[in-house]
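# Commentary on secondary and tertiary structure
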Amino acid sequence: EGTTALLIECRGKDKAALDKRIAEVVRAIKEADHINVAGNDVEAYPFSEDKDVFNVYWDVRKGLIPIVGAARETGTSMLIEDVACDVDKLGDMMEDLIEMFKRHKYHDASCFGHALEGNLHLVFSQGFRNDEEIERYSQMMQELCEIVADKYGGSLKAEHSTGRNVAPFVEMEWGSKAYNLMWELKRLFDPHGILNPGVILNEDEDVHKKALKASPPADAIVDRCIECGFCESNCPSRDLSLTPRQRITVYREMSRLRAMDASELTVEDAQRLREFETNWTYNGEQTCAADGMCQEKCPVKINTGELIKSIRSRNLAEGHATELRAADFAARNWGTLD
């Protein structure tokens with residue numbers, strides 16, 4: 001509570017240069033009024049040149065996304081926001097954002113990033129299963145943008161691009177004059193609105209609450225998937241049919257449609273499901289190598305091949321049962337022909 005970890009990496013062309021930079025950093029930390037080191041002893045946290053030591057700390061930092069992604073409730077999505085402000089305001093902004101997450105009951109949220117650039121990544125899980133969850137999300141996003149843009153004069157998108165989730169708040173960040181100028185340029189170069197429509201500039205103030213992509217339960221083997229796509233470069237079929245991420249996404253959508261009550265299933269839904277199932281056999285099942293290479297790059301260690309193997313096993317069992325019923329019918333109705 002009320003603490004953070006600061007990882008500092010120093011480099012130098014030789015040992016003397018490296019030691020000099022480390023000494024400068026240690027001195028700066030000791031002299032900084034706003035940094036309170038646990039135990040008031042900077043020397044208790046020495047720099048290390050041992051890869052086995054410092055890589056542990058970097059692995060912890062890199063592991064924050066998969067930790068949140070793997071631990072989230074089934075049926076929720078893992079979301080990442082990306083904000084920034086002046087470095088001297090970063091600590092105060094982070095405290096306000098942490099308090100905001102607590103107030104809106106995002107108990108799994110984490111804040112990490114690049115302190116030297118004043119950049120924060122905000123990682124949290126979110127369900128889009130009912131109106132209450134969507135409204136909680138909307139209220140949190142409104143407050144998040146007010147904290148970053150209004151209170152601290154920061155950027156709502158630091159390293160990554162603005163999308164529909166932040167489009168309603170672009171004017172809040174840039175002001176009406178700059179916002180209107182953006183629209184003038186947009187209409188000048190794209191008068192018919194065919195280039196990335198509604199993604200960066202959008203007149204719908206509620207667009208961040210619409211067309212939300214849910215993560216419905218599909219199979220315990222892949223329910224933890226955060227759809228990051230890290231697995232794709234390892235997949236043998238990535239240029240032939242579907243990647244592991246795409247297989248999971250399609251299977252999730254088929255599972256969602258199959259789970260719907262017949263009275264809720266529209267004609268369009270039924271047609272969509274038939275098309276998915278027709279294409280799934282080849283693109284989803286038959287072309288998966290099931291070699292587990294996707295797991296090697298997956299931050300939450302999902303082996304999509306295990307899902308495909310389980311589906312193949314169920315299909316074989318169902319096919320075998322059909323064959324047994326046919327054989328039983330033939331045996332019971334065996335006779336001679338005159």
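One can find the structure itself at the top, above this paragraph.
Residues numbered from 1 in each chain as written. Predicted model: local features only at pLDDT ≥ 70, side-chain atom pairs only at ≥ 80, totals over all residues. Heavy atoms only, no water.

Moving on to the nonpolar core. By size, the foremost hydrophobic cluster in this structure holds 28 residues, and its most contacted members are Met-93, Leu-97, Leu-120, Met-140 and Leu-144. Those elements that provide at least two residues to this core are strand E1 (77-84), helix H4 (90-103), strand E3 (119-126) and helix H5 (131-151). The greatest single-element share of this core, amounting to nine residues, is contributed by H5. Ignoring anything within four residues of it in the chain, the contact list for Met-93 reads Val-83, Ala-84, Cys-85, Leu-120, Ile-147, Val-148 and Tyr-152. Leu-242, Leu-273, Val-300 and Leu-307 belong to the second-largest nonpolar core, a separate cluster that totals 18 residues. (Core = buried A, V, L, I, M, F, W, Y, C linked by side-chain atoms within 4.5 Å. Buried < 20%, exposed > 50% of the residue type's maximum accessible area, 1.4 Å probe, protein only. Helix = DSSP H or I, 4+ residues; strand = E, 2+ residues; numbered from the N terminus. Contact = heavy atoms within 4.5 Å.)

This part covers the pairing of E1. Successive residues of a regular strand alternate their side chains across the two faces of the sheet. In terms of burial, E1 is a largely internal element, seven of the eight residues being buried. Sheet topology note: the E1/E3 ladder contains eight bridges and is antiparallel. Bridge pairing in E3 links Ile-80 to Val-123. (Pairing = 2+ DSSP bridges.)

Here the focus is the packing of aromatic side chains. Tallied over the full model, the rule gives six aromatic pairs. Ring geometry for Phe-101 versus Tyr-106: centroids 6.0 Å apart, planes at 70°, classification edge-to-face. On the basis of relative accessibility, which here comes to 3%, the residue Phe-101 falls in the buried class. Judged by relative accessible area, Tyr-106 falls into the buried class, the value being 4%. Here the aromatic cluster, defined as three or more aromatic residues joined through ring pairs, consists of Phe-101, Tyr-106 and Phe-124. One residue, Arg-136, lies across the ring of Tyr-106, its end atom 4.1 Å from the ring centre. (Phe/Tyr/Trp six-rings, centres within 6.5 Å; stacked < 30°, edge-to-face > 60°. Lys NZ or Arg CZ within 6 Å of the ring centre and 35° of its normal.)

Here we take up unusual backbone geometry. Although it is not a glycine, Lys-105 adopts a positive phi angle of roughly 65°. Examined against the element boundaries, Lys-105 turns out to sit in the loop between H4 and strand E2 (110-114). Here Lys-105 falls in the exposed class, since its relative accessible area comes to 56%. Unusually for a residue other than glycine, Glu-227 sits at a positive phi of about 55°.

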